[in-house]
Each structure stands twice: as structure tokens, then as C-alpha cells.
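Okay, here's what each chain looks like letter by letter:
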Amino acid sequence: LNTPSAVSLDSRGRLVSVDYNSGDVQRTDPSSGITASIAKLEPPLDNLAVGPDDTIYISDTANSGIIAVHPETGMERRVVGGAFSTPGGLAMTVIDNRESLIVADSTGYRFVDPQTGRVERPRFDMRFGGSLDIAANDLLIAATDARLGRVQLIDRKRRELLADVRNLKQPYGV
């Protein structure tokens, strides 16, 4: 297991786990140690519960929701959910020559088309992107996180962290 965020036992005593960073849902037979992949979901994933029929219920942290996974087929269905975990600061930006909102969120910023409501969440990366406030131009994204006392500067096109300033006293605005 890489970064297990939750484990439980199914009706046959097999260990079911979910990985926060990778989105892997796995089952391990404790007697043989053999681990099999059940499903791969979009991370980050936080917790799980196994129902009496062995259906696996997983909390989808970034979308404030719950996903049910069939224990044998790996088929998933959304039980409930949204598009954000904890939306914060907003800024206007341009994507494909259209005005868009960039929205700070504790599990990674999102881009929102204000005309259609379509939400795009860049690939989850635990190292950066989680924020309470945000600003952007054509080249850069600046994200603040008052809880962690940091400001990050991200290359918008390559999605690379350029600077990570830490130990600030609650940086709210950017």
C-alpha cells in the first residue's frame, strides 16, 4: 500500500484499502498477502466503509461526495457529490479565449466556465494547488493557504511549482 487513507474488512475478512494520492482501491487477502486492484478513482480519496453486500463506499474529498464501488466488477456510481470540496477565493482568467473563473479549493483549484457552469479540476497533486485564495494571469497562478501559512507560485501551462514560500502568518489574500 502506498498512501492508504482508509482500510476496512469485507464480509470474508479481506482487507479493502483506498489510496489518498493515487485513487487505487485494492483488496488484500490476509492469509496469502495477495493484493488485487478493484478500481482506480480520481484522487484525492479520504475514507471508506464496506456494506453488508461488500459494496465499497468511498468519500470523494475533492468533490464533496460519496462513490459506491462494486466489489467484484469495480464499476463505480456516484451516490452524492458536487464539484468542490471547500471553494474559496475567486479570480477571473482566460481559457481558450473565453473568460473563466479560477476558484481556490483546499484540494486543488478549479476552472469554471461562468456561462455553462462546467467545472474542470486539474489532475490532483498533493504537493501544490490546495488553497484558500487565488490569483492568475496567462502564465502564473498564485495560491495562498492560511491554514498551512504558505503562498505558492505555479507555472500555469506546465503545472509546475515555481515557488513555495512557507512559515507565513495566515496569508489570506493574494
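Our subject is the structure listed above.
J.: Which residues make up empty space enclosed by the protein, and what values do they have?
T.: Enumeration according to the criterion identifies 2 cavities of 30 Å³ or more in this entry. The volume enclosed by the largest cavity comes to roughly 50 Å³. Taken together, T107, G108, Y109, R121, P122, R123, F124, D125, F128, G129 and R159 make up the full set of residues lining the largest cavity. Residue composition of the lining of the largest cavity, grouped by class: 4 nonpolar, 3 polar and 4 charged. A volume near 30 Å³ is recorded for the second largest cavity.

J.: Tell me about the sheet that holds strand β7 (residues 65–69), and please be specific about residues and values.
T.: Here we have 4 strands laid out as an open sheet, ordered β5-β6-β7-β8, and antiparallel in their pairing. Lying at the two open borders of the sheet, with one neighbouring strand each, are β5 (45–50) and β8 (76–80). Across the sheet, the mean angle separating the axes of adjacent strands is 30° when strand polarity is ignored. Here β5 runs beside strand β6 (residues 56–60); their pairing, made up of 4 bridges, is antiparallel. In the strand pairing of β6, L45 is matched with D60.

J.: Now, about the side chain of D113: what can you tell me, with residues and values included?
T.: With respect to the secondary-structure elements, D113 resides in the loop between β11 (110–112) and β12 (119–120). The class of D113 is buried, set by a relative accessible area of 14%. Not counting residues within four places of it along the chain, the set of residues in contact with D113 comprises R98 and R118.

J.: Please give an account of the sheet that holds strand β4 (residues 35–40) that cites residues and values.
T.: The 4 strands lie next to each other as β1-β2-β3-β4, forming an open sheet whose pairing is antiparallel. Unpaired on one side and paired on the other, β1 (4–9) and β4 mark the two borders of the sheet. When the angles between neighbouring strand axes are averaged without regard to direction, this sheet yields 20°.

J.: Please give an account of the nonpolar core that cites residues and values.
T.: V18, V25, L41, L48, I56, I58 and V69 are the most contacted members of the largest nonpolar core, which has 13 residues in total. Not counting residues up to four positions away in its chain, the partners in contact with I56 are V16, V25, I38, L48, A49, I67, A68, V69 and P71.

So, how was this worked out
Residues numbered from 1 in each chain as written. Predicted model: local features only at pLDDT ≥ 70, side-chain atom pairs only at ≥ 80, totals over all residues. Heavy atoms only, no water. 1 Å grid on protein atoms, 1.4 Å probe; cavity = no way out; pocket = protein on both sides within 12 Å on 5 of 7 lines; lining within 4 Å. Points joined across faces, edges and corners; volume = space filled by probe spheres on them. Nonpolar A, V, L, I, M, F, W, Y, C, P; charged D, E, K, R; others polar. Pairing = 2+ DSSP bridges. Helix = DSSP H or I, 4+ residues; strand = E, 2+ residues; numbered from the N terminus. Axes fitted to C-alpha atoms, helices over the stretch in contact; angles between N-to-C directions. Buried < 20%, exposed > 50% of the residue type's maximum accessible area, 1.4 Å probe, protein only. Contact = heavy atoms within 4.5 Å. Core = buried A, V, L, I, M, F, W, Y, C linked by side-chain atoms within 4.5 Å.

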